[in-house]
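# A look at the structure
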Amino acid sequence: MEITADRVVLIHYTLKDDAGTVIDSSSGGEPLAYIQGHGNLVAGLEKALEGKKDGDTVAVSVAPADGYGKHDSALIQRVPKRTLQGSGEIKKGMQFQGQTPDGMRVFTVTAVVGDMITLDGNHPLADKTLHFAVDIVSVREATAEELEHGHVHGAGGHHH
């Protein structure tokens, strides 16, 4: 069966950066299940899988624009510690959810200097070219319920 919109696809994948370092991989675990055409995957990967069939192996390099976006310096903010009241001790590498004009984003603490904290709302993989190696395990029609919710039910709890 071909991968087209509204079909449930199970894939095994390995994601590497330009240096060949593995960033993420499903091997050794459950395959990742997603619904094609619902934005469950980064755009460039979804595009590359369109029209492929179960049993196919796909290697694709996704440019930042079709992946996690370009690094945006407007998403880096310095805020006083008191704006994150009740978070306990704030350390570099901690993550907070914050509201932005584009909706909810995860901000990572990149620096703590005195009473000021630097928060970076860019995805850790912003500006990176993503190199995916994908094995397509199976393709099936989605159920009405899955389409209504926009994601697959009953598959392992992996959400990316």
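First, a word on scope: everything that follows refers to the structure included in this document.

## Brief notes about the nonpolar core
Counting residues in each nonpolar core, the largest one holds 21 residues, and the members touching the most others are Ile 11, Leu 45, Leu 49, Phe 132, Val 134 and Ile 136. For this core, the elements supplying multiple residues, two or more each, are strand E1 (7-16), strand E3 (32-35), helix H1 (43-49), strand E4 (57-62) and strand E9 (130-141). The contact partners of Ile 136, leaving out residues within four places of it in the chain, are Ile 3, Val 9, Leu 10, Ile 11, Leu 49, Lys 52, Lys 53, Asp 54, Gly 55, Asp 56 and Val 58. Counting residues in hydrophobic clusters, the runner-up holds 8 residues, among them Ile 90, Phe 107, Val 109 and Leu 119.

## As for the pattern of salt bridges
One pass over the full model with this rule turns up 5 salt bridges. Note that Glu 2 is salt-bridged to Lys 53, the shortest N-O span being 3.6 Å. In this pair, Glu 2 sits in the segment before E1 while Lys 53 sits in the loop between H1 and E4, placing the two residues 51 residues apart along the sequence. On the basis of relative accessibility, which here comes to 35%, the residue Glu 2 falls in the partly exposed class. One salt bridge connects Glu 141 with Arg 7, and the closest N-O pair in it is separated by 3.0 Å. Here Arg 7 lies in strand E1 and Glu 141 lies in strand E9, a separation of 134 residues in the sequence.

## A closer look at the environment of Gln 85
Turning to its location among the elements, Gln 85 is positioned in the loop between strand E5 (76-80) and strand E6 (95-100). Accessibility expressed as a relative area gives 63% for Gln 85, which makes it exposed. In the structure, Gln 85 is positioned 24 residues away from Ser 61 in sequence and 41 Å away in space, judged by C-alpha atoms.

Cut-offs applied
- Residues numbered from 1 in each chain as written.
- Predicted model: local features only at pLDDT ≥ 70, side-chain atom pairs only at ≥ 80, totals over all residues.
- Heavy atoms only, no water.
- Core = buried A, V, L, I, M, F, W, Y, C linked by side-chain atoms within 4.5 Å.
- Buried < 20%, exposed > 50% of the residue type's maximum accessible area, 1.4 Å probe, protein only.
- Helix = DSSP H or I, 4+ residues; strand = E, 2+ residues; numbered from the N terminus.
- Contact = heavy atoms within 4.5 Å.
- Salt bridge = Lys/Arg side-chain N within 4 Å of Asp/Glu carboxyl O.

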